[in-house]
Amino acid sequence: MSHLTSLLLNGLSTGAVYALIALGLVLIYKCSQVVSFTHGTLVLLGAYLVGTMDDASGFIVALLIAVPVAAGFAGSINLTLLSRRAGAPPVSLAILTIGIDLVVLSVLTQQLGSNVLNISHPWGETRWDLGVASMSANRGIALLMVAAVAVSLYLIFTRSPWGLAMRAVSEDTEAAALMGLSRTTITTLSWATAGALACIAGMFMAGPPTPGVTTTVAVVALRAFPALIIGGLDSLRGAIVGGLLIGVAESLAAGYQHELQFMGSGFAEIVPFLLMLGVLVARPSGLFGSREMTRV
Amino acid sequence: MLKVTQLHVRYGTSVTALTDVSLGVGEGEVVAVLGANGAGKSTLLRALSGTLPHHGGQVTRGSIEFEGRDLLGVSPRRIVRAGLIQSPEGRRIFKGLSVEENLRVAAAGAGIPTRHAATVRRTVWDLFPRLEQRREQSAGLLSGGEQQMLAIGRALMAQPRLLLLDEPSLGLAPQMVDSVGAIIEEIHRRGTSVLLVEQNAAMALAVSDRAVVLASGSVCATGPADHLAASDELRDLYLGGTPAPTLDGAPQ
């Protein structure tokens, strides 16, 4: 029993990191209908920034610098490359993000080489003992972080003028323009927010129980895509649920590896994608996504 | 206050939508733009609001001046802030937002400071008490007439000096069409000039001072509204040719 509880708890906490990444992807998609394939690399970039600075300036200062830098970088991708292609089909823009991803990833790979960059989190290797099970403090804090981000996003979307503007632009860009709302400003802000979330996710991802910053971070971050698709491309709630589901599924598959031996080793890694396929067959627009409607 | 001179608009490389259109709206005036489907009415409003690029269109010649400022090539955002706002055809309210959120987001778009926005919202509630009763409701759940009121109220949040209304009576019950007319008169009485684009000529001519008739992208008639209302010429031009000949002498 405690084995199962421990697996569930660790799954949720891993899922929290995927949820942070997926939330950023949903924000971008809602405003610009573009799926950003640069996101895995933005997560790596965030982790890299924190990792390179924290030796010299300490973890907190490094994080305080890295988050705005990552946000600015993501925002400027939109401002300089994507928003200038206004009117281009979202698919072309998504392909453009693949190109950006290749460039940024090569630069980061070259910088990192085969080294492992360690982030010295103030909570270190601490584990929280929750009675029935224990989890690494790093992942526990990530879980709390997701809760905090979810609450702040909810408040932003319902209370702040920027949140309302974002909803208006995502619903009807032209009508929003007629009301004086600038699409470029709104999409750039959503990219910047997504960049900040990616940086925070990268910082958690490169901490215990996983080793430090390596290029694997970008690959692991790609598991946010199944989370995104399971939840529904345009649903913030879906991103959180999807992320947590993926984390739990992965953790269960890894935990019961012996029982699943007949599927071969490394089965846990493909579980997120199997789950995604299952959801796509049953509900093509995801668990919480709005259905595509086409007038015939 | 608004002066459009010899405006030419083209979509893509070959479709000409407006040819040599000139018209003006004076301070405190209500001007109607009439015309059948495809006459270029919506294109004219897109040119005024700066949203032609959303449709692949561009102004190739002519000028648009608003209170002495050149509006060509100016972003929709700046145009709204200069005091010219449009309530688009088909209402296009934000259905996922509540009634009040629609008004709040419009105030934000026009750069109205939050504290002042509450005062402006009060004037909109005064004009449309029905909307205030439904302020918390999702805008998508309003009736057609209420959605039109919200679309107009949303535009008024910018405190415009000139309000452009694109087909406000489209798809409404006849009774609602009359109240849209009354609303336009009230907005005008409160000091906002109005450029009204309509297919419903009877309502439009009843509330406007002057009217411009467009056909195939050019101005084909212009004059005082009461004069045009009485003319056969308008009926010929705009309702599509002369009325069917009467069947005098035909066997009963």
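Residues numbered from 1 in each chain as written. Chains lettered and ligands numbered in written order. Predicted model: local features only at pLDDT ≥ 70, side-chain atom pairs only at ≥ 80, totals over all residues.

By the naming in an unreviewed UniProt entry, chain A is Branched-chain amino acid ABC transporter permease, taken from Nocardioides immobilis. Its UniProt record gives chain A a comment under Sequence similarities (unreviewed entry), which states: "Belongs to the binding-protein-dependent transport system permease family. LivHM subfamily." (UniProt positions renumbered as here; feature names shortened; annotations may be inferred.)

Visitor: So what's going on with the sheet that holds strand β2 (residues 15-25) of chain B? Which residues, and what values?
Guide: Strands pair in a sheet through their backbones, by hydrogen bonds, and they do so in one of two ways: parallel or antiparallel. Residues and elements named next belong to chain B. On the basis of which strands lie adjacent, the open sheet formed by 4 strands has the order β2-β1-β4-β5 and antiparallel pairing. With one partner strand each, in any of the chains shown, β2 and β5 (69-70) form the two edges of the open sheet. As paired elements, strand β4 (residues 57-66) and β5 share 2 bridges and run antiparallel to each other. Pairing of phenylalanine 66 across the sheet is with arginine 69, part of β5. The sheet contacts of helix α1 (residues 41-49) involve β1 (2-11), β2 and β4, and relative to β4 the element is tilted by about 65 degrees. (Pairing = 2+ DSSP bridges. Helix = DSSP H or I, 4+ residues; strand = E, 2+ residues; numbered from the N terminus. Contact = placed C-beta atoms within 7 Å. Axes fitted to C-alpha atoms, helices over the stretch in contact; angles between N-to-C directions.)

Visitor: Lay out helix α4 (residues 90-112) of chain A in plain terms, naming residues and giving numbers.
Guide: Note: α-helices contain 3.6 residues per turn, so residues at a spacing of three or four share the same orientation. Under the 1.5 Å per step criterion, the end-to-end length of α4 of chain A is 32 Å for 23 residues, consistent within 8% with the ideal 33 Å. Count one or two residues on from α4 of chain A and you reach glycine 113 of chain A, which has phi positive near 60 degrees. (Expected span 1.5 Å × (residues − 1).)

Visitor: Quick one: what's the story with the UniProt feature "transmembrane region" (unreviewed entry) in chain A, residue by residue and with numbers?
Guide: Residues and elements named next belong to chain A. Taking the UniProt record as the reference, the feature "transmembrane region" (unreviewed entry) is found at residues 6-27, 59-81, 93-113, 140-157, 188-206, 212-231, 238-256 and 262-282. Along residues 212-231 the backbone is 70% helical and 0% strand, and the end-to-end C-alpha distance reaches 29 Å. Helix makes up 95% of residues 238-256 and strand 0%, whereas the separation of the span's terminal C-alpha atoms amounts to 27 Å.

Visitor: Outline the interface of chain B and chain A, listing residues and values.
Guide: Counting residues at the interface gives 23 residues for chain B, matched by 15 residues for chain A. If you tally residues by element for the side of chain B that touches chain A, the top one is helix α3 (residues 99-109) of chain B, at 6 residues. For the side of chain B that touches chain A, a count of residues per class yields 10 nonpolar, 6 polar and 7 charged. (Nonpolar A, V, L, I, M, F, W, Y, C, P; charged D, E, K, R; others polar.)

Visitor: Provide a residue-level description of the sheet that holds strand β3 (residues 30-34) of chain B, including the pertinent values.
Guide: Residue and element names in this part refer to chain B. As summarised here, the arrangement of the 6 strands in space is β6-β7-β8-β3-β9-β10, forming an open sheet in which the pairing is mixed. At either margin of the open sheet sits one strand with a lone partner, and together these are β6 (84-87) and β10 (218-224). Sheet twist, expressed as the mean angle between neighbouring strand axes with direction ignored, is 15 degrees. Pairing analysis gives 5 bridges linking strand β7 (residues 162-166) to strand β8 (residues 193-198), with the strands arranged parallel. Bridge pairing in β8 links leucine 163 to valine 194. The strands that helix α6 (residues 144-156) touches are β6 and β7; relative to β6, the one it contacts most, it runs at about 165 degrees. Here helix α7 (residues 174-189) sits on the sheet and contacts β3, β7 and β8; the angle it forms with β8, its principal contact strand, is near 160 degrees.

Visitor: So what's going on with the environment of proline 88 of chain B? Residues and values would help.
Guide: With respect to the helices and strands, the residue proline 88 of chain B is situated in the loop between β6 and α3. Taking the C-beta count within 10 Å as the criterion, proline 88 of chain B has 24 such neighbours and is therefore assigned buried. Setting aside its immediate chain neighbours within four residues, proline 88 of chain B contacts Ala175 and Leu178 of chain A together with Asp166 of chain B. (Buried ≥ 20, exposed ≤ 12 C-beta atoms within 10 Å, placed from the backbone.)

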